[in-house]
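Observations on chain architecture
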Amino acid sequence: MFAVIKTGGKQYRVAANDTITIATLEGEAGSAVTFGDVLLFTNGEGTTQVGAPLLSGISVTGEIVSHGRDAKVIAFKKRRRQNSRRKRGHRQHHTVVRITGISA
């Protein structure tokens, strides 16, 4: 059994006991979170439901494991022979979520 959910502008394929890294969510570590935007659902017997665009009556629950920041991404621009260069770094915030179940 798995589902495809949408959160933070991205889509994730999740099943029970999966751990996913997503964009930052509100909440503390250990708190429960529910994802209502389910795009696709497949049960154990092979029946698949596809939403147009979302499915109703199906939700995915999870538990926030931790909050953190990704590795640094360097944006370096150099204009040759102009003595011009610029270096910027960025670290995106993320949340690690453990999927506890899919309720249909």
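Above this note sits the structure.
Note that the coordinates shown come from a computational prediction; the quantities given were computed from them, not determined experimentally.

Rules used in this analysis
Residues numbered from 1 in each chain as written. Predicted model: local features only at pLDDT ≥ 70, side-chain atom pairs only at ≥ 80, totals over all residues. Heavy atoms only, no water. Helix = DSSP H or I, 4+ residues; strand = E, 2+ residues; numbered from the N terminus. Buried < 20%, exposed > 50% of the residue type's maximum accessible area, 1.4 Å probe, protein only. Pairing = 2+ DSSP bridges.

We now examine unusual backbone geometry. Excluding glycine, residues mostly carry a negative phi; peptide bonds, for their part, are mostly trans. Residue proline 53 follows alanine 52 across a cis peptide bond; omega there is 0°. The phi dihedral of asparagine 17 falls on the positive side, at around 70°, and the residue is not glycine. On the secondary structure map, asparagine 17 appears in the loop between β2 (10-14) and β3 (19-23). For asparagine 17, a relative accessible area of 61% puts it in the exposed group. Phi is positive for arginine 81, close to 60°, though the residue is something other than glycine. If you trace the backbone, arginine 81 turns up in the loop between β8 (73-79) and β9 (84-90). Arginine 81 sits in the exposed class, given a relative accessible area of 69%.

Take the pairing of strand β1 (residues 2-7) next. In terms of strand pairing, β1 meets strand β5 (residues 38-42) through four bridges, oriented antiparallel. Bridge pairing links alanine 3 to phenylalanine 41 in β5. Relative to β2, β1 is paired through five bridges, and the arrangement is antiparallel. The residue bridging lysine 6 from the neighbouring strand is glutamine 11, located in β2. Taking the residues between adjacent antiparallel strands as the criterion, β1 and β2 are bridged by two residues, where glycine 8 takes a positive phi near 65°.

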